[in-house]
Amino acid sequence: MYDYYDDYDQDYYEHEHYGDYAGTYAQDVAGYSDDVINDVFEGDPDAYWNID
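The following paragraphs examine the structure supplied in this document. This structure is a prediction, so every number in the text was calculated from the model and none was measured. (Residues numbered from 1 in each chain as written. Predicted model: local features only at pLDDT ≥ 70, side-chain atom pairs only at ≥ 80, totals over all residues. Heavy atoms only, no water.)

### Let's talk about the nonpolar core
Quick note on the threshold: Buried Ala, Val, Leu, Ile, Met, Phe, Trp, Tyr and Cys residues that are joined via side-chain atoms within 4.5 Å together make up what is termed a nonpolar core. Summary of the burial criterion: residues with accessible area below 20% of their type's maximum are buried, those above 50% are exposed, and those between are partly exposed, where the area comes from a 1.4 Å probe applied to protein chains only. Every residue pair with non-hydrogen atoms within 4.5 Å of one another is taken to be in contact.
In this structure, Tyr21, Ala26, Ile37, Phe41 and Ala47 together form the largest nonpolar core, which totals five residues. Apart from the residues within four sequence positions on either side, Ala26 is in contact with Gly31, Tyr32, Ile37, Pro45 and Tyr48.

### Re the packing of aromatic side chains
Worth spelling out the cut-off: Aromatic rings from Phe, Tyr and Trp, taking only the six-membered ring of Trp, are treated as a pair when their centres fall within 6.5 Å; an angle between ring planes under 30 degrees marks them as stacked, one over 60 as edge-to-face, and anything in between as tilted. Under the DSSP-based scheme used, a helix requires at least four consecutive residues in state H or I and a strand at least two consecutive residues in state E, with every element numbered from the N terminus.
Inspection of every chain in the model, using the stated rule, returns six aromatic pairs. Relative to Tyr48, the ring of Tyr25 lies with its centre 5.5 Å away and its plane at 40°, an arrangement referred to as tilted. Placement of Tyr25 in helix 1 (residues 25-28) and of Tyr48 in the segment after helix 2 (34-40) is noted, with a sequence separation of 23 residues between them. Taken together, Tyr25, Tyr32, Phe41, Tyr48 and Trp49 form an aromatic cluster joined through their ring pairs.

### Comments concerning the environment of Asp28
The cut-off we apply is this: Here a polar contact is taken to be a pair of N or O atoms separated by no more than 3.5 Å, where protein atoms must pair a possible hydrogen donor with a possible acceptor and residues adjacent in sequence count only if both atoms sit in side chains.
Along the polypeptide, Asp28 turns up in helix 1. With ten residues separating them in the primary sequence, Asp28 and Tyr18 have C-alpha atoms 9.5 Å apart. Apart from the residues within four sequence positions on either side, Asp28 is in contact with Ala22 and Gly23. Among the polar contacts made by the side chain of Asp28, one reaches the main-chain amide nitrogen of Gly23 at a distance of 2.8 Å.

### With respect to the environment of Gly31
Relative to the helices and strands, Gly31 is located in the loop between helix 1 and helix 2. What makes Gly31 partly exposed here is its relative accessible area of 37%. Sequence separation between Gly31 and Tyr18 is 13 residues, and the spatial gap between their C-alpha atoms is 9.1 Å. Contact partners of Gly31, with chain neighbours within four places excluded, come to Tyr18 and Ala26.

### Re a nonpolar patch on the surface
The condition that has to hold: Note on patches: the residues involved have over 30% relative accessible area and no salt bridge, like charges join within 9 Å, and the nonpolar side chains Val, Leu, Ile, Met, Phe, Trp and Tyr join within 5 Å. In these tables, accessible area is a Shrake-Rupley quantity obtained with a 1.4 Å probe, and a residue counts as shielded only by the protein chains included in the view. Note on definitions: salt bridges are taken to be side-chain nitrogens of Lys or Arg within 4 Å of carboxyl oxygens of Asp or Glu.
Taken together, the side chains of Tyr25, Val29 and Trp49 present a nonpolar region at the surface, about 360 Å² in accessible area. Overall, the relative accessible area of 38% leaves Tyr25 in the partly exposed class.

### Concerning the side chain of Thr24
Positionally, Thr24 belongs in the segment before helix 1. Taking relative accessible area as the criterion, Thr24 reaches 19% and is therefore assigned buried. Aside from chain neighbours lying at most four places away, what touches Thr24 is Val29 and Pro45.

Structure representation (structure tokens):
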């Protein structure tokens with residue numbers, strides 16, 4: 001029997017990490033990861049307030 005889980009590469013997917021922006025509303029309340037804050041908000045967690 002073929003087990004497709006053997007082909008699953010867990011390292012293929014990036015893991016989100018938290019902590020660089022701990023204490024900010026964007027991370028603590030909204031739940032955005034460090035990567036999302038860096039990419040979407042250009043490293044400024046206060047830019048969360050500009051989302052409409």
